Amino acid sequence: CLLVSQKMDKQKVRKYWEEEAEEALKVATHLLEKGDYSYALFFGHLAVEKLLKALYVSRKGEQAPYSHNLMRLAEGAGIELSETRITQLITVTAYNLESRYPDEKRSFREKCTEDFTKNELSAIKEIFIWLKSMLKS
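The sections below set out a description of the structure shown in this document. (Residues numbered from 1 in each chain as written. Predicted model: local features only at pLDDT ≥ 70, side-chain atom pairs only at ≥ 80, totals over all residues. Heavy atoms only, no water.)

### Section: the overall build of the protein
Part 1 of the argument: Helices and strands together make up the secondary structure of the protein, namely six helices and zero strands.
Part 2 of the argument: Reading the protein from its N end, one meets helices and strands in the order α-α-α-α-α-α.
Part 3 of the argument: Taken over C-alpha atoms, the radius of gyration comes to 15 Å for the protein, in line with the 14 Å a tight globule of 137 residues would show.
Part 4 of the argument: Sequence-distant contacts in the protein: of pairs separated by 6 or more residues, those separated by 24 or more amount to 63%.
Part 5 of the argument: Accessible area for the protein stands at about 7,900 Å²; split by element, carbon and sulfur atoms hold 50% of it.
Part 6 of the argument: Averaging the locations of the 22 positively and 21 negatively charged side chains of the protein gives two centres separated by 5 Å. (Helix = DSSP H or I, 4+ residues; strand = E, 2+ residues; numbered from the N terminus. Rg over C-alpha atoms; globule rule 2.2 N^0.38 Å. Contact = heavy atoms within 4.5 Å. Areas by Shrake-Rupley, 256 points an atom, 1.4 Å probe, with all protein chains shown as cover. Lys, Arg positive; Asp, Glu negative; His and termini not counted. Charge placed at Lys NZ, Arg CZ, Asp CG, Glu CD.)

What follows is the structure in structure tokens.
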């Protein structure tokens, strides 16, 4: 398995995470188009998580931690975060939990209207572009 090999090929693992991130973002867009809003945000979270893991591998030269916490991944990768970015990452991290483990009232799913989801996915795409720019430098 690529991700658990003894001697890690940093470029190969980074490329793996980048490709997975692109695919997750594409799925998020498809889910939005189909009206599956809470899961669109879940896959938006996955896209950001996987891109952060690509950055972690790129910067640290080691496997990224098994974590879904975007703040922890960003901090581990040594990314400087503004207060705005911190708030955004905390918000997007919540989509992972709220989509996977809805409360009995399904309040998160009710909150995920088309407009809400479009706005949040737009913010996720902006974060994605910001992270991608760090991989290019």
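Having seen the structure, we can now continue with the description.
### Digging into the environment of Glu23
Part 1 of the argument: Inspection of the secondary structure assignment puts Glu23 in helix α1 (residues 10-34).
Part 2 of the argument: Taking the C-alpha atoms as reference, Glu23 lies 7.6 Å from Ala47; in sequence the two are 24 residues apart.

### Considering the side chain of Arg14
Part 1 of the argument: For Arg14, the position within the fold is in helix α1.
Part 2 of the argument: Relative accessible area serves as the criterion here: at 14%, Arg14 is assigned to the buried category.
Part 3 of the argument: The residues touching Arg14, leaving out its near neighbours within four places in the chain, are Ala54, Val57, Ser58, Leu135 and Lys136. (Buried < 20%, exposed > 50% of the residue type's maximum accessible area, 1.4 Å probe, protein only.)

### Concerning the pattern of salt bridges
Part 1 of the argument: For the structure on display, the rule yields eight salt bridges.
Part 2 of the argument: Between Lys118 and Glu114 there is a salt bridge, and its shortest N-O distance comes to 3.1 Å. In this pair, Lys118 and Glu114 are both assigned in helix α6 (residues 114-136), four residues apart and thus about one turn of the helix distant.
Part 3 of the argument: Salt bridges linked by common partners bring Arg14, Glu18, Glu22 and Lys132 together as one network. (Salt bridge = Lys/Arg side-chain N within 4 Å of Asp/Glu carboxyl O.)

### A short note on the packing of aromatic side chains
Part 1 of the argument: One pass over the structure, following the stated rule, counts four aromatic pairs.
Part 2 of the argument: Ring centres 6.4 Å apart and planes at 80° place the aromatic pair Tyr39 and Phe42 in the edge-to-face group. A residue pair is termed a helical-turn pair when its members lie 3 or 4 positions apart in one helix, as Tyr39 and Phe42 do in helix α2 (residues 37-60) at three residues.
Part 3 of the argument: Given the relative accessible area of 31%, Tyr39 is considered partly exposed.
Part 4 of the argument: Exposure remark for Phe42: the relative accessible area of 13% places this residue in the buried category.
Part 5 of the argument: Linked through ring pairs, Tyr39, Phe42 and Phe43 together constitute an aromatic cluster.
Part 6 of the argument: Against the face of Trp130 rests Arg85, its NZ or CZ located 4.1 Å from the ring centre. (Phe/Tyr/Trp six-rings, centres within 6.5 Å; stacked < 30°, edge-to-face > 60°. Lys NZ or Arg CZ within 6 Å of the ring centre and 35° of its normal.)

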